[in-house]
Amino acid sequence: MPTGALLASSPKVCGCRQCLRDRDERVNGFPAELSTFIVCSACGCKRCPHATDHRNVCTGSNEPGQPGSAYAAFKAPIVGEMGSRPGEG
Ligand SMILES: [Zn+2]
Ligand SMILES: [Zn+2]
């Protein structure tokens, strides 16, 4: 059992996506950025650029396509392997 000194120093740690990555935070062995529902600490919007990186300005908006946000480019989530391919050529 590892002795963690995580809760000692700082009373409040940043929970933005970038900080979770930087600290390599994990929940049950999985990266916290994937296991945690990350929202902006200021406005509570998941698509706010501030939720992705606290260095981004908080827009107070949950609109998709905001620059700086991990949700800037809308992409369908990767769900395993898509075994089908359209026949090309
Ligand atoms: Zn942060
Ligand atoms: Zn925000």
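The rules behind the values
Within any chain, residue numbers begin from 1 and follow the written order of that chain's sequence. All chains are assigned letters beginning with A, and all ligands numbers beginning with 1, in the order in which they are written. Selection of residues for local features in this predicted model requires a pLDDT of at least 70, selection of side-chain atom pairs for listing and counting requires 80 or more, and totals for whole chains, interfaces and linings are taken over all residues. Strands here are runs of E lasting at least two residues and helices are runs of H or I lasting at least four, both read from the DSSP assignment and numbered beginning at the N terminus. Labels follow a simple rule on C-beta atoms placed from the backbone: if 20 or more others lie within 10 Å of a residue's own, it is buried; if 12 or fewer, it is exposed; otherwise it is partly exposed. Throughout this description, the term nonpolar core refers to a group of buried Ala, Val, Leu, Ile, Met, Phe, Trp, Tyr and Cys residues whose C-beta atoms join them within 7 Å. Two residues qualify as being in contact provided that their C-beta atoms, derived from the backbone, are within 7 Å of each other.

### Some remarks on the overall build of the chain
Now for step 1: For the chain, the count of helices and strands is three helices and two strands.
Now for step 2: Across the chain, helices and strands are ordered from the amino to the carboxyl terminus as α-β-β-α-α.
Now for step 3: For the chain, buried positions account for 17% of its 89 residues.

### Points about the nonpolar core
Now for step 1: In terms of nonpolar packing, the biggest core is built from six residues, these being Cys-16, Ile-38, Cys-40, Cys-45, Cys-48 and Ala-51.
Now for step 2: With residues up to four places along the chain from it excluded, the contact list for Ile-38 reads Gly-15, Arg-17, Glu-33, Lys-46 and Ala-51.

### Some remarks on unusual backbone geometry
Now for step 1: Despite not being glycine, Asp-24 shows a phi value in the positive range, around 55°.
Now for step 2: Looking at the element boundaries, Asp-24 is found in the loop between helix 1 (17–23) and strand 1 (26–27).
Now for step 3: Backbone geometry places Asn-28, a non-glycine residue, at a positive phi of 55°.
Now for step 4: Taking the C-beta count within 10 Å as the criterion, Asn-28 has 6 such neighbours and is therefore assigned exposed.

### Comments concerning the environment of Asp-53
Now for step 1: Tracing the chain through its elements places Asp-53 in the segment after helix 3 (49–52).
Now for step 2: The class of Asp-53 is partly exposed, set by 17 C-beta atoms lying within 10 Å.
Now for step 3: Taking C-alpha positions, Asp-53 is 7.8 Å from Ser-69, a pair spaced 16 residues apart along the chain.
Now for step 4: Discounting chain neighbours no more than four positions away, the residues touching Asp-53 are Cys-16, Arg-17, Gln-18 and Gly-68.

### Describing the environment of Thr-36
Now for step 1: Structurally, the position occupied by Thr-36 is in the loop between helix 2 (32–35) and helix 3.
Now for step 2: With 14 C-beta atoms packed within 10 Å, Thr-36 lands in the partly exposed category.
Now for step 3: Distance from Thr-36 to Arg-17, taken between C-alpha atoms, is 9.3 Å for residues 19 residues apart in sequence.

So far we have only geometry, and geometry alone does not tell us how the molecule works.
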